[in-house]
Amino acid sequence: MNAQYDAVVVGAGFAGITAARDLVDQGRSVVVLEAGTRIGGRTYARPFAGYEHITAELGGSWVNRELQPAVRQEIERYGSQLVEDLPCENAVFFSAGQRRAFPVPAAELADLERVIGHMRDVSKRIAPSQRLSSQPIRDLDISAEDFIAPLDLGPATRELFYATVAWYTGAEPTKVSVLGTLAQIAGFGHSPFGFYGALTERFVGGAGTLLDAIVRDSGLEIRLEHTVASVDVRDGEVTVRTISNDTVRARSCVVAVPTNVLRNIAFTPSLPPEKSRFLTKNHLGRAYKPSMLVRNIPRRSFAFGSGKLQALCLGYEYEDGSCLIMGFGDENSVADPTSREELEAAVREYYPDADVIAVDAHDWNSDPLFDGTYRIDRPGEAYDFLRAMNVPEGPVVFAGTDIDDSIWRIWIEGAISSGHRAAGAVSRLLHSRTGT
Ligand SMILES: Cc1cc2nc3c(=O)[nH]c(=O)nc-3n(C[C@H](O)[C@H](O)[C@H](O)COP(=O)(O)OP(=O)(O)OC[C@H]3O[C@@H](n4cnc5c(N)ncnc54)[C@H](O)[C@@H]3O)c2cc1C
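Since we're looking at a predicted model, the values are computed, not measured.

1. Quick notes on the site of the ligand
Next, step 1: Of all residues adjacent to the ligand, which total 38 residues, the nearest are Glu-34, Arg-42, Trp-62, Thr-401 and Ile-412.
Next, step 2: Trp-62 places a main-chain nitrogen or oxygen 2.8 Å from a nitrogen atom of the ligand.
Next, step 3: At 2.9 Å, a backbone N or O of Val-228 approaches a nitrogen atom of the ligand.
Next, step 4: In isolation the ligand exposes 1000 Å². Once the protein is present, 98% of that is buried.
Next, step 5: For the shell around the ligand, the elements supplying multiple residues, two or more each, are helix H1 (14-25) and helix H12 (412-434).

2. Side note on the sheet that holds strand E17 (residues 311-317)
Next, step 1: On the basis of which strands lie adjacent, the open sheet formed by seven strands has the order E8-E7-E16-E17-E18-E15-E19 and mixed pairing. At either margin of the open sheet sits one strand with a lone partner, and together these are strand E8 (98-100) and strand E19 (355-360). Sheet twist, expressed as the average angle between the axes of neighbouring strands with direction ignored, equals 25°.
Next, step 2: As defined by bridge partners, strand E16 (residues 301-305) adjoins E17 across two bridges and the pair is classed as antiparallel. Among the inter-strand pairings, Phe-304 is bridged to a residue of E17, identified as Ala-311.
Next, step 3: Contacts from helix H5 (residues 155-169) reach strand E7 (90-95), E16, E17 and strand E18 (323-328) within the one sheet, and its direction differs from that of E16 by about 110°.
Next, step 4: Here helix H10 (residues 340-348) sits on the sheet and contacts strand E15 (291-295), E17, E18 and E19; the angle it forms with E19, its principal contact strand, is near 125°.

3. Some details on the UniProt feature "binding site: FAD" (unreviewed entry) in the protein
Next, step 1: Here, the residues flagged by UniProt with the feature "binding site: FAD" (unreviewed entry) are Glu-34, Ala-35 and Val-228. Across 195 residues, the annotated set stays spatially compact, with a maximum C-alpha separation of 7.9 Å.
Next, step 2: Here Ala-35 is to be found in the loop between strand E2 (30-33) and strand E3 (45-48).
Next, step 3: The class of Ala-35 is partly exposed, set by a relative accessible area of 22%.
Next, step 4: Residues in contact with Ala-35, not counting those within four places in the same chain, are Glu-225, His-226, Thr-227 and Leu-369.
Next, step 5: Position of Val-228 among the secondary structure elements: in strand E11 (residues 228-234).
Next, step 6: With residues near it in sequence (within four places) discarded, Val-228 still touches Val-10, Leu-33, Val-240, Arg-241, Thr-242 and Ile-265.

4. A look at the environment of Trp-411
Next, step 1: By the secondary structure assignment, Trp-411 is in the loop between strand E20 (396-398) and H12.
Next, step 2: Here the alpha-carbon distance between Trp-411 and Ser-61, two residues 350 residues apart in the chain, equals 9.2 Å.
Next, step 3: Aside from chain neighbours lying at most four places away, what touches Trp-411 is Trp-62, Gln-68, Tyr-168, Gln-184, Leu-199 and Thr-401.

Cut-offs used in this document
Residues numbered from 1 in each chain as written. Predicted model: local features only at pLDDT ≥ 70, side-chain atom pairs only at ≥ 80, totals over all residues. Heavy atoms only, no water. Near = heavy atom within 4 Å. Polar contact = N/O pair within 3.5 Å; in protein donor to acceptor, adjacent residues only side chain to side chain. Areas by Shrake-Rupley, 256 points an atom, 1.4 Å probe, with all protein chains shown as cover. Helix = DSSP H or I, 4+ residues; strand = E, 2+ residues; numbered from the N terminus. Pairing = 2+ DSSP bridges. Axes fitted to C-alpha atoms, helices over the stretch in contact; angles between N-to-C directions. Contact = heavy atoms within 4.5 Å. UniProt positions renumbered as here; feature names shortened; annotations may be inferred. Buried < 20%, exposed > 50% of the residue type's maximum accessible area, 1.4 Å probe, protein only.

In structure tokens:
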């Protein structure tokens, strides 16, 4: 078999593009196969439906250059422009069925303090700079419910804890492993408040502008609408076949697709049980992130709590008094993330006078190329999943934010880091074979 490329990369999100670019930087020949009609995967910005002058960011958008070194490096290399969030001046909370100026009733203040302290203290067992699966933290791979059980919290505080987990995971909070949430708190400098104030920068025009710059600069060869159906390894080389029967032969392969759709690719030889046992069923992350153009809410506002949507974050304020807000909800929050009426009812739980003028959203959960948002594990699965997926299968290396073994897993930072790591693994493999 004659390989056409040093590497074939499957999936043109941040992980796949970073891996491909790193390999091109090293003088390797690379082709990227992407199933969709665009690059960027779970980062996706487009003109807001009906309001073309507004950019709706329907997937990943917030970053922090100080906390996220891989993102910072790319921004500096390509000179990306960022915009800082407007600082919050008005916060409103919803807990125990009630809108509040303070998160919980006075009688539960001590409970609130205890749960925040518990999250902070336990997160200190996680070293931010080390691989998660190399740390002795398997005992933290437990349900959120078990995590707070010893605290005996009051109802409003318990609801706010679950709202935090649901906002971060986009999943039914009692069902998920709390390990990822704790690792994230470690990433925020061991501060649970990081969920509210750590990631405050966005790319002007959306995160895809960075990817466009990477592709332009590196001259990457990307084939859109090439859905990979199979990856066959024979005699140490890889044949990748698309659903239209196009084939690419390469010395190595980086598979950088969301883990919920990995099972749509047939591997020969089959993936070992350590990996396949995690891939037969979906992970739990099924968030909604509707963008909403609204009127009649307080200036510079932020809302959080156990309403249908767990958080309402300000995007932009406009001169006519309207503003763009992004809602975050778990899988049970709304039936239709593009229903103006449904979202207006959800926003009014926090702001009773609000008018939702228009909405835009992408339903990642029903999109067959994603089948969910970002990987959220069941209790007892997070730790072992990371260990298993970061082991290459011969010349096939896996990548993507879902398998990033760091505190920034599930973010753009995690996708970029995972891409670097995959390119490093491919590079070592090619070097060991050819000495170059
Ligand atoms: C609603 C939402 C909000 C988010 N908010 C933030 C945020 O504010 N900040 C942040 O840092 N992160 C955020 N994220 C996460 C961030 O977007 C992701 O971590 C990151 O974009 C994932 O990159 P990736 O390369 O791992 O995967 P993806 O971007 O999903 O790329 C995988 C690619 O594989 C393609 N593919 C799938 N199957 C096949 C196949 N068979 N053949 C070929 N190609 C295939 C897909 O089309 C896709 O383009 C958010 C994500 C979502 C969904």
